[in-house]
Amino acid sequence: MIEAEWWEYDDPAAFAEAVAGDVGFIVESAVEARGQSLIALPGGSTPRPVFARLAEARLPWKKTTIIPTDDRLVEVQSELSNVRLLAESFLSTGARVFPVATINPDVKLAGNAADARLQDLSWPPDLVWLGMGEDGHTASIFAGPDLDEALQAPKSRRMVGVRPDPLPAEAPVPRVTLTRAAILSARTILVTIAGEKKKALLEQAIADGAGSRLPIGRVLAEAEQPIDIHWCRA
Ligand SMILES: O=C(O)[C@H](O)[C@@H](O)[C@H](O)[C@H](O)COP(=O)(O)O
């Protein structure tokens, strides 16, 4: 049974402030305990106001590495690039923003390259922060041909390449994504969603757990750590 703790907000500003505060606490605690922090941040639109607040916080950024939970296989200057948003949001803080995507027509090779890059990092992440799509995907773990590989990858495998089918309308490109094992290795897992529809979907995924038809339910079902869910009504 997934142990989920829900935090609910009516006001987007309160949501952004609370999540930025939690992430900042994780970064500070990690640097205090281990001299460095590694956080994995999601793409999408929900996190953007949080990134803006977080980047203003006085944190040990120079001892912090930021990776995308997943990224699209596009040029870094593309609007679709997650690492581009992370660089725009956090490079000015002095944090290291660590790209994982390479342009490769063979998504499996792109996945191998991304995994090799992450093998160079001190693991596990102090935080994996996830969003969720209206189809229940999380990171770039989608239902479809690559789901089992992302779910069943061994603990040593940190990223895989995927080509969702159908390609998601908001970013119809192949991707690399953290595997379930990599997500669950995190010291802390945090999920942010907005709107009633996604709340109901995530509640169902959590209730269904390993039997969920939604990727996020399958990912979180094996979690041993409690999952903090921040939901903004608006
Ligand atoms: O690369 C991505 O698109 C994200 O990692 C993805 O998993 C995102 O978190 C969800 O699609 C939710 O996106 P919104 O926050 O925009 O709803």
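Residues numbered from 1 in each chain as written. Predicted model: local features only at pLDDT ≥ 70, side-chain atom pairs only at ≥ 80, totals over all residues. Heavy atoms only, no water.

Visitor: So what's going on with the confidence of the model for the protein? Residues and values would help.
Guide: Here the protein averages 97 in pLDDT, while 100% of its residues score no lower than 70. Scoring of the predicted complex yields 0.98 for pTM and 0.97 for ipTM. (pLDDT = per-residue confidence, 0-100.)

Visitor: Now, about the sheet that holds strand 8 (residues 175-178): what can you tell me, with residues and values included?
Guide: On the basis of which strands lie adjacent, the open sheet formed by three strands has the order 4-8-7 and antiparallel pairing. Of all the strands in the sheet, the pair left with one neighbour each is strand 4 (70-72) and strand 7 (159-162). The average undirected angle you get between the axes of adjacent strands in this sheet is 20°. Alignment of strand 7 against strand 8, held across four bridges, turns out to be antiparallel. Opposite Val 160, over in strand 8, you have Thr 177 as the bridge partner. (Pairing = 2+ DSSP bridges. Helix = DSSP H or I, 4+ residues; strand = E, 2+ residues; numbered from the N terminus. Axes fitted to C-alpha atoms, helices over the stretch in contact; angles between N-to-C directions.)

Visitor: Lay out the pattern of salt bridges with the relevant residues and their values.
Guide: The full count for this structure, using the stated rule, is 14 salt bridges. Between Glu 196 and Arg 233 there is a salt bridge, with its nearest N and O atoms 3.2 Å apart. Taken together, the residues span a long stretch of sequence, with Glu 196 in helix 7 (residues 196-208) and Arg 233 in the segment after strand 10 (227-232) at a distance of 37 residues. Take Arg 233: its relative accessible area is 37%, and that puts it in the partly exposed class. (Salt bridge = Lys/Arg side-chain N within 4 Å of Asp/Glu carboxyl O. Buried < 20%, exposed > 50% of the residue type's maximum accessible area, 1.4 Å probe, protein only.)

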